[in-house]
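Coordinates in review
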Amino acid sequence: MTRHPNFSAGPAKLPDEVLQQAQLELMDFAGTGMSIMEVSHRSAGFLEVADQAVSDFRSLMAIPDNYSVLYMQGGATHQFSCVPWNLLGASKKADYIDTGIWSQKAIKEARRIEGGDIHVAASVNESGLLRVPGNSDLLIRADSAYLHYTPNETISGLEFNYIPDTDGVPLVADMSSSILSRGVDVSKFGIIYAGAQKNIGPAGITWVIIRNDLLNQAVTRIPALMNYKNILSQDSMLNTPPTYALYLCGLVFKWLKKRGGVEAIEKVNRQKSELIYGVIDQNDFYANAIEPSDRSKMNVTFSLADQSLESKFIEESEKLGLYNLKGHRAVGGIRASIYNASSLESVQALSTFMNDFAKKYG
Ligand SMILES: *Cc1c(COP(=O)(O)O)cnc(C)c1O
């Protein structure tokens, strides 16, 4: 069996150890003679798995006691709707930072709320290197229910290197592609949400962290399955949760804890991204379109000076077993997604290939 280096943007690579553990337990979980997939979500055995996952997530992220953690289905895209439905019950105003495709999708969904007043606090620059708007560029209305932003734009590879200071307006972050990749001070946020399939686990489960005082401002007649307060009152089991996805997230959390947690993985992640950006910067053959201070550590995007070589680049990389390097269909180019489960060795293999390829065709 060969496990290839896999640079997929999502669903993304899972740690080998996690898949092995899942394989080992697939037919018979903890001596029950049943798969964890085949038991009730209300059984004692499953509840233990669920509680452990939530508590490991809380400790990995150092989530303060005045925050609740829940999991849902529907992906981050569903949260684009849940956030405004849960927060716009009183003030109808919300501000959004537009840094790219994922921010724009969130804005579009927020604008469906009847009577909502959705304002763009700042947009990404249109010309030159892509840059994250500075804190002083943000037009945040003091009476807004929240400010929403996307700390890491997965498609373009643009990442905030600061947490916006909102002067008391609750901050909401779509952390789908950067959660658990580096330490964050959760107390600076009102809500953090993340689809699992980049840095946490398989597709099908979304994690939400919410400050408890924000649980009482939902729009009236919010659907039950979108209502955070309602879901929390049932410990995220208002209906059947994605049990197997949750179990796998739990294994990933254990794996990450064993590796030293977020602080340890952050160091490796920095090394990994520096390695690839180093190759890009040393070769005129490659170019990256992001202001260096705002380059993503999870999704490294680049283009080839001679675009006609891109398909050759993909073809030759695959011959070496380096997979899923094609950029998002909306922007083209090359994208190496190097989430927590991507090893330093696989990124080293990629950087060697990039240097060799530049020598060969440059
Ligand atoms: C992948 C991604 C999404 C969409 O996630 P789904 O689970 O497919 O809805 C949203 N936001 C960001 C930042 C992403 O990376």
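Just so it is clear, the structure is predicted and the values come from calculations on it, not from any experiment. (Residues numbered from 1 in each chain as written. Predicted model: local features only at pLDDT ≥ 70, side-chain atom pairs only at ≥ 80, totals over all residues. Heavy atoms only, no water.)

Moving on: the overall build of the protein chain. Of regular secondary structure, the protein chain possesses nine helices and 12 strands. Expected size for 362 residues packed as a compact globule is a radius of gyration near 21 Å; at 21 Å, the protein chain falls within 12% of this value. Principal-axis analysis of the C-alpha atoms gives the protein chain an extent of 60 × 55 × 30 Å. Per-residue burial over the protein chain gives 54% buried out of 362 residues. Restricting to contacts in the protein chain with at least 6 residues of sequence separation, those with at least 24 account for 70%. Carbon and sulfur atoms provide 50% of the accessible area of the protein chain, an area that totals close to 16100 Å². A distance of 2 Å separates the average location of the 34 positive side-chain charges in the protein chain from that of its 39 negative side-chain charges. (Helix = DSSP H or I, 4+ residues; strand = E, 2+ residues; numbered from the N terminus. Rg over C-alpha atoms; globule rule 2.2 N^0.38 Å. Buried < 20%, exposed > 50% of the residue type's maximum accessible area, 1.4 Å probe, protein only. Contact = heavy atoms within 4.5 Å. Areas by Shrake-Rupley, 256 points an atom, 1.4 Å probe, with all protein chains shown as cover. Lys, Arg positive; Asp, Glu negative; His and termini not counted. Charge placed at Lys NZ, Arg CZ, Asp CG, Glu CD.)

This next bit is on the sheet that holds strand β7 (residues 171-174). On the basis of which strands lie adjacent, the open sheet formed by seven strands has the order β1-β9-β8-β7-β4-β2-β3 and mixed pairing. The outermost strands of the open sheet, each flanked by one partner alone, are β1 (67-72) and β3 (117-123). Taken over all neighbouring pairs, the strand axes of this sheet differ in orientation by 20 degrees on average, direction set aside. Direction of pairing for β7 relative to strand β8 (residues 191-195): parallel, over a ladder of three bridges. Looking at the pairing, A173 lines up with I192 of β8. (Pairing = 2+ DSSP bridges. Axes fitted to C-alpha atoms, helices over the stretch in contact; angles between N-to-C directions.)

Much of the literature gives interface size as the accessible area that the parts lose upon coming together. Under the domain assignment used here, the protein chain contains domain 1 (16-258) and domain 2 (261-361). If you look at the interface, domain 1 gives 25 residues, while domain 2 gives 25 residues. Interface area for domain 1 against domain 2, summed over the two sides, is near 2100 Å², with a carbon-plus-sulfur share of 54%. The largest share of the area that domain 1 buries against domain 2 comes from L129, I155 and E159, three residues that together contribute 23% of it. The interface formed by domain 1 and domain 2 holds zero salt bridges in total. Counting across the interface, domain 1 meets domain 2 through 17 residue pairs in polar contact (both at pLDDT 80 or more). Elements with a contribution of two residues or more to the side of domain 1 that touches domain 2: β6 (158-159) and α6 (243-258). No other element matches the three residues that α6 contributes to the side of domain 1 that touches domain 2. Class assignment for the residues of the side of domain 1 that touches domain 2 results in 10 nonpolar, 10 polar and five charged. (Domains from an automatic or database assignment. Buried area = accessible area lost by both parts, 1.4 Å probe. Salt bridge = Lys/Arg side-chain N within 4 Å of Asp/Glu carboxyl O. Polar contact = N/O pair within 3.5 Å; in protein donor to acceptor, adjacent residues only side chain to side chain. Nonpolar A, V, L, I, M, F, W, Y, C, P; charged D, E, K, R; others polar.)

Our next topic: the site of the ligand. In the neighbourhood of the ligand, 13 residues make up the surrounding shell, with T77, T154, D174, Q197 and K198 lying closest. A distance of 3.2 Å separates an oxygen atom of the ligand from a polar backbone atom of A76. Between the ligand and T77, the relevant distance is 2.5 Å, taken from an oxygen atom to a side-chain nitrogen or oxygen of the residue. A total of 380 Å² of accessible area belongs to the ligand in isolation, and the protein chains cover 87% of it. Sort the elements by how many residues they give to the shell around the ligand and helix α3 (residues 75-87) lands first, with four residues. (Near = heavy atom within 4 Å.)

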